[in-house]
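So the chains spell out like this:
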Amino acid sequence: MEKVKHTRVARIVDKLAVKSEPGLTNAQLMLTNFDLKPVEPERRQWGPWNFVGFWIADSFNINTWMIASSMMTNGLAWWQAWICVWIGYMFSATFICMTGRIGATYHISFPVVSRASFGIWGSLWPVFNRAAMACIWYGVQSWIGGECVTLMIRSIWTAYKDVPNSLPKSSGTDTMDFTSFFLFWVCSLPAIWFPVHKIRHLFTIKSYFVPPAGIAFFIWAIVRAHGIGPIIHQPATKSGGALGWAVVQGIMSSIANFATLIVNDPDFARFAKKPRDALWSQFITIPVGFAVTSFIGIIVSSSSAVIYGKPIWNPLELLGYFLINPNNGDTANGAARFGVFIISFAFALAQLGTNIAANSVSAGTDMTALLPRYLNIRRGGYICAAVGLAMCPWNLLSTSNNFTTYLSAYSVFLSSIAGVIICDYYIVRKGYYEIRDLYAARQGSPYFFTFGFHWRGYTAYICGILINIVGFVGAIGKPVPKGATYIYNLNFFVGFLVASGTYYILCRISPIPACSERWMEVGDEIRNVSVAYGADGAYEDGDSGSGSLSDAKLKADEENLAGVRERKVTNDSL
């Protein structure tokens, strides 16, 4: 009987396992599967216009709409806040292109990229770190998407806001809000099903529909206000050094809003047809798209001050006012309700795209790396959605413990991860990766380091966190020294520079294997990679299913021995 049970359990476990390359050891089965391997040419379907559509679609979301509000509340004039948005997102675009190039060149995702910097097994902590945050943010963003659904339903059925509440007060929500949240959550599930190289069509549709809806909202608000309102005439309320620090904080808030996507970009860029497809398309579109969206948010909010007597920064709240005027109780006519429905639908679609790009795909890719034998991106995405539902995000948003501030502040610690990875690739290794060894769990691998952990990477990562930790405590409401606050005002740059600088110094003192002394990217040779031990060659030919690097390439590599230092890994454990 025990044998039967054991056999039955074994069969179930085997059925749950995802497909993987034959001949892998048990250790390798914990490092690779179809979604973790380098993307083969057939799935490299993202061209430059796909990246343009992706970022145009991502820029039109509620967070970007409101990003200037905090800067103006902090004492900036509207044009100063807008300049901060431009500068912040130009820096963000630079970081995005730097991490994205790694994925676009070697066609590997963030979890695999991090193995070169943190070690084969050491990479699991940064991966888990990001996966957990992505799951939490998925729930939070889904709750905001539910607010869009509420407006859509209210536009059709005005009595929806009067639906009797059947949930206890202890639940933290009511029937109407939970129903809207659940509808958005359910409607998001089909989008998780599609593979990443095909989900680009969702962003293309979003880029065609959402921006025109945002522009329509912009025009509608100006027409109703008979002008652009008083906000653009308001001067800055700070001057001198206080104004300078307010500008710095505004720039940093724009970068912090992008911290997750900075480390996440290889997950999408690896599907680029060519590395340059993920360069200028992202570098130009990101600052332009996000600056235009924030400008629309500023003008619409300024116009709302004329209509309702106070500026309303939350576009969903303003749309609710369009349905029922809070000053006199007048309800909207049929045309206005239709307009609110279309714009609310656009915001819901924007939330869906943002949730997929920044959270679902990120969490799915990370979970694939945490348990590759049984998880792929699709399964990981659905686990992320389940966690987002189970965490009851309304409780997090309704408490007074600055939880959203904590999440936003916590994201800047991803700068330490980005600092280590970017320094490792561009300065230490000069673009050189040995792809097969990124999937090898044996001691001879140049990325195995010390028991699979890279102590230099972790030391640099911790240093980048420590420099910001006191200021981080202050950001969530605790008293800290003023000097720590000044350092934290430059949080992303400080964490990035300290982590990357520390990593570089440590690698100079104690050199690492598999580096190049001159720039040498070899990603253009990747076809279908076989990572099983004993497989012939580093790269397989896509047609024959086997093969190796061309003789010319191997000869060139031999001639470049002066440029590529092959060190013994045993020296690395010193």
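Residues numbered from 1 in each chain as written. Predicted model: local features only at pLDDT ≥ 70, side-chain atom pairs only at ≥ 80, totals over all residues. Heavy atoms only, no water.

### Things to note about the pattern of salt bridges
Alright, step 1. Taken as a whole, this structure holds 7 salt bridges when the rule is applied.
Alright, step 2. In this structure, the salt-bridge partner of R130 is D366, at a minimum N-O distance of 2.5 Å. Taken together, the residues span a long stretch of sequence, with R130 in helix α7 (residues 124–156) and D366 in helix α15 (residues 334–370) at a distance of 236 residues. When sorted by exposure, R130 lands in the same class as D366, which is buried.
Alright, step 3. Ionic pairing is found between R429 and D424, a salt bridge with its closest N-O pair at 3.0 Å.
Alright, step 4. Looking at R429, the relative accessible area reads 0%, which means it is buried.
Alright, step 5. The network of salt bridges with shared partners includes R130, D267 and D366. (Salt bridge = Lys/Arg side-chain N within 4 Å of Asp/Glu carboxyl O. Helix = DSSP H or I, 4+ residues; strand = E, 2+ residues; numbered from the N terminus. Buried < 20%, exposed > 50% of the residue type's maximum accessible area, 1.4 Å probe, protein only.)

### Here we look at a nonpolar patch on the surface
Alright, step 1. Together, L279, W280, I284, V288 and V292 give the surface a local cluster of nonpolar side chains, amounting to about 450 Å² of exposed area.
Alright, step 2. Position of V292 relative to the elements: it lies in helix α13 (residues 280–308). (Patch = residues over 30% accessible without salt bridge, like charges linked within 9 Å, V, L, I, M, F, W, Y side chains within 5 Å. Areas by Shrake-Rupley, 256 points an atom, 1.4 Å probe, with all protein chains shown as cover.)

### Quick notes on helix α6 (residues 110–118)
Alright, step 1. In terms of residue burial, α6 counts as a mostly covered element, since 9 of its 9 residues are buried.
Alright, step 2. Every buried residue belonging to α6 is among F110, P111, V112, V113, S114, R115, A116, S117 and F118, and all of these are buried.
Alright, step 3. Two residues or fewer after α6 comes G119, characterised by a positive phi angle close to 100°.

### Points about the state of the cysteines
Alright, step 1. Scanning all chains against the criterion turns up 0 disulfides.
Alright, step 2. Between C135, a free cysteine, and C384, which holds the nearest cysteine sulfur, the sulfur-to-sulfur gap is 4.0 Å.
Alright, step 3. When its relative accessible area of 6% is taken as the criterion, C135 is described as buried. (Disulfide = S-S within 2.5 Å.)

### So, the packing of aromatic side chains
Alright, step 1. Scanning all chains against the criterion turns up 51 aromatic pairs.
Alright, step 2. Aromatic side chains W46 and F51 sit 5.2 Å apart centroid to centroid with 55° between the ring planes, which places their arrangement in the tilted category.
Alright, step 3. Residue classification places W46 among the buried residues on the basis of a relative accessible area of 0%.
Alright, step 4. By relative accessible area, which is 1% here, F51 ends up buried.
Alright, step 5. Relative to F295, the ring of W78 lies with its centre 6.0 Å away and its plane at 55°, an arrangement referred to as tilted. A residue pair is termed long-range when its members are at least 10 positions apart, and W78 in helix α5 (residues 78–106) and F295 in helix α13 qualify at 217 residues.
Alright, step 6. The rings of W46, F51, F54, W55, Y89, F203, F258, F268 and F290 are connected pair by pair, giving a single aromatic cluster. (Phe/Tyr/Trp six-rings, centres within 6.5 Å; stacked < 30°, edge-to-face > 60°.)

### A word on the side chain of H107
Alright, step 1. Of note, H107 is situated in the loop between α5 and α6.
Alright, step 2. Note on H107: relative accessible area 3%, which makes it buried.
Alright, step 3. Here A104 takes part through its backbone oxygen, which lies 3.5 Å from a polar atom of the side chain of H107.
Alright, step 4. Excluding residues within four positions of it along the chain, H107 makes contact with K37, P38, V39, R44, I102, R270 and A272. (Polar contact = N/O pair within 3.5 Å; in protein donor to acceptor, adjacent residues only side chain to side chain. Contact = heavy atoms within 4.5 Å.)

### Section: helix α21 (residues 482–489)
Alright, step 1. What α21 keeps buried is the set A484, Y488 and N489. Seen from one end, α21 has its buried residues packed into an arc of 145°, which puts them on one side. (Arc of directions from axis to C-beta.)

### Side note on the packing of α6 against α7
Alright, step 1. Two elements in contact, α6 and α7, have axes whose closest approach is 9 Å; the angle formed by their N-to-C orientations is 140°. Side by side, α6 and α7 meet where F110, P111, S114 and F118 of the first sit next to P126, V127 and R130 of the second.
Alright, step 2. The residue makeup of the contact of α6 with α7, split by class, is 5 nonpolar, 1 polar and 1 charged. (Axes fitted to C-alpha atoms, helices over the stretch in contact; angles between N-to-C directions. Nonpolar A, V, L, I, M, F, W, Y, C, P; charged D, E, K, R; others polar.)

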